[in-house]
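Each chain is listed here by its residues.
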Amino acid sequence: MEPPHNVTSQHAGTGPRRPWVVGISGASGTPYAASVLRGLLAAGEAVDLVVSRASRLTLLDETGISFRDAHWRADLREWLARGADGKPDTFPVTEADLADVRHWPAGDLAAGPSSGSYPAKGMLIVPASTACVAGVALGLSKDLLQRTASVTLKERRKLVVAVRETPLNGQTLKHLVALDEAGAVVLPASPAFYAGATHIQDLVDFVAGRALDAAGVPHGLYRRWAGELGGGAAGDADRGQ
């Protein structure tokens, strides 16, 4: 299967740097995060990355990749090049593609995104665990990921929370309602099939594309509904650009 998109940026950013913060929690679903990151970079967006401690264990389990603070750029490049099926070098990712990515350790509560004066566009948490959802809903700010989410809400910036868990208990549902009422977009990682999925990457890219839609970032990750039945059967040939 050919990669559905390239990481190479469509345009270079101009003016003061205003990144999207991408927070990655310990829930299963690291391919979702990789697809969102590739989509942001392909759109020419600056990215600030916060990888929780728990998510590093999930990433190691799901991909075999260790994410190390001292070597984060090399580890990120290897991760973004990998397909959702685990195949390495599925996507072309160069050092230039990562030029406008900044990594902040999850334990650094003095990092830029911890302050409302830091000029971020908003934040996407992909995937979001139920523990992460609870922490953000309750305003615990136990690490940089939760603190940045709280800052995003108080500054009335876009916060997209791609929760990845099933089934959901009543307490988590209450937390999700609280996030919705606070202004966040609650986006369950639920793939659809009308886009003509023929590969696991298609299902992953659909969820990532919906997260980018919620953030207002243009992309070509999936075929959009056009009001015509049977379009999904066309497969990759009809994928939206």
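Attention here is on the structure that accompanies the text. (Residues numbered from 1 in each chain as written. Predicted model: local features only at pLDDT ≥ 70, side-chain atom pairs only at ≥ 80, totals over all residues. Heavy atoms only, no water.)

## Focus on the pattern of salt bridges
Logical step 1: Within this structure, the stated rule accounts for 10 salt bridges.
Logical step 2: Here Lys-154 and Glu-155 are joined by a salt bridge, their closest N and O atoms 2.6 Å apart.
Logical step 3: Owing to a relative accessible area of 45%, Lys-154 belongs among the partly exposed residues under this scheme.
Logical step 4: Taking the shortest distance from any N to any O, the salt bridge between Asp-213 and Arg-210 comes out at 3.1 Å. Taken as a pair, Asp-213 and Arg-210 lie in helix α7 (residues 200–215) at a separation of 3 residues, close to a single helical turn.
Logical step 5: Relative accessible area serves as the criterion here: at 39%, Arg-210 is assigned to the partly exposed category.
Logical step 6: Three or more residues joined by partner-sharing salt bridges are found here, namely Arg-17, Asp-48 and Asp-100. (Salt bridge = Lys/Arg side-chain N within 4 Å of Asp/Glu carboxyl O. Buried < 20%, exposed > 50% of the residue type's maximum accessible area, 1.4 Å probe, protein only. Helix = DSSP H or I, 4+ residues; strand = E, 2+ residues; numbered from the N terminus.)

## Considering the sheet that holds strand β2 (residues 47–51)
Logical step 1: With parallel pairing, 6 strands are arranged side by side in an open sheet as β3-β2-β1-β4-β5-β6. Looking at strand neighbours, the two that pair on one side only are β3 (101–103) and β6 (185–186), the edges of this open sheet.
Logical step 2: In this sheet, β2 lies alongside strand β1 (residues 20–24) in parallel orientation, the contact comprising 5 bridges. Note that in β2 the partner of Gly-23 across the bridge is Val-50.
Logical step 3: Each of β1, β2, β4 (122–128) and β5 (158–163) is contacted by helix α5 (residues 144–154), which is oriented at about 135° to β4, the strand it contacts most. (Pairing = 2+ DSSP bridges. Contact = heavy atoms within 4.5 Å. Axes fitted to C-alpha atoms, helices over the stretch in contact; angles between N-to-C directions.)

## Things to note about the environment of Val-160
Logical step 1: Along the chain, the position of Val-160 falls in strand β5.
Logical step 2: Classification of Val-160 as buried rests on a relative accessible area of 0%.
Logical step 3: Residues Val-160 and Val-126, spaced 34 residues apart in sequence, show a C-alpha to C-alpha distance of 8.2 Å.
Logical step 4: Ignoring sequence-local partners within four residues, the contact set of Val-160 consists of Met-123, Leu-124, Ile-125, Val-185, Leu-187, Ala-211, Ala-214 and Ala-215.

## Observations regarding a nonpolar patch on the surface
Logical step 1: Nonpolar side chains collect at one region of the surface, where Tyr-194, Trp-225 and Leu-229 lie side by side and expose about 380 Å² of accessible area between them.
Logical step 2: Mapped onto the fold, Trp-225 is located in the segment after α7.
Logical step 3: Given a relative accessible area of 47%, Trp-225 falls into the partly exposed group. (Patch = residues over 30% accessible without salt bridge, like charges linked within 9 Å, V, L, I, M, F, W, Y side chains within 5 Å. Areas by Shrake-Rupley, 256 points an atom, 1.4 Å probe, with all protein chains shown as cover.)

## A short note on the packing of helix α4 (residues 130–138) against helix α6 (residues 170–182)
Logical step 1: Relative to each other, α4 and α6 sit at 50°, their axes nearing to 9 Å. The orientation of α4 with respect to α6, classified from their angle, is oblique. For the crossing formed where α4 meets α6, the hand is left-handed. Residues Thr-130, Val-133, Ala-134, Val-136, Ala-137 and Leu-138 of α4 lie in contact with α6, whose contacting residues are Thr-172, His-175, Leu-176, Ala-178 and Leu-179.
Logical step 2: Residue composition of the contact of α4 with α6, by class: 8 nonpolar, 3 polar and no charged. (Parallel < 35°, antiparallel > 145°, perpendicular 65-115°, else oblique. Left-handed = near helix turned anticlockwise from the far one by under 90°. Nonpolar A, V, L, I, M, F, W, Y, C, P; charged D, E, K, R; others polar.)

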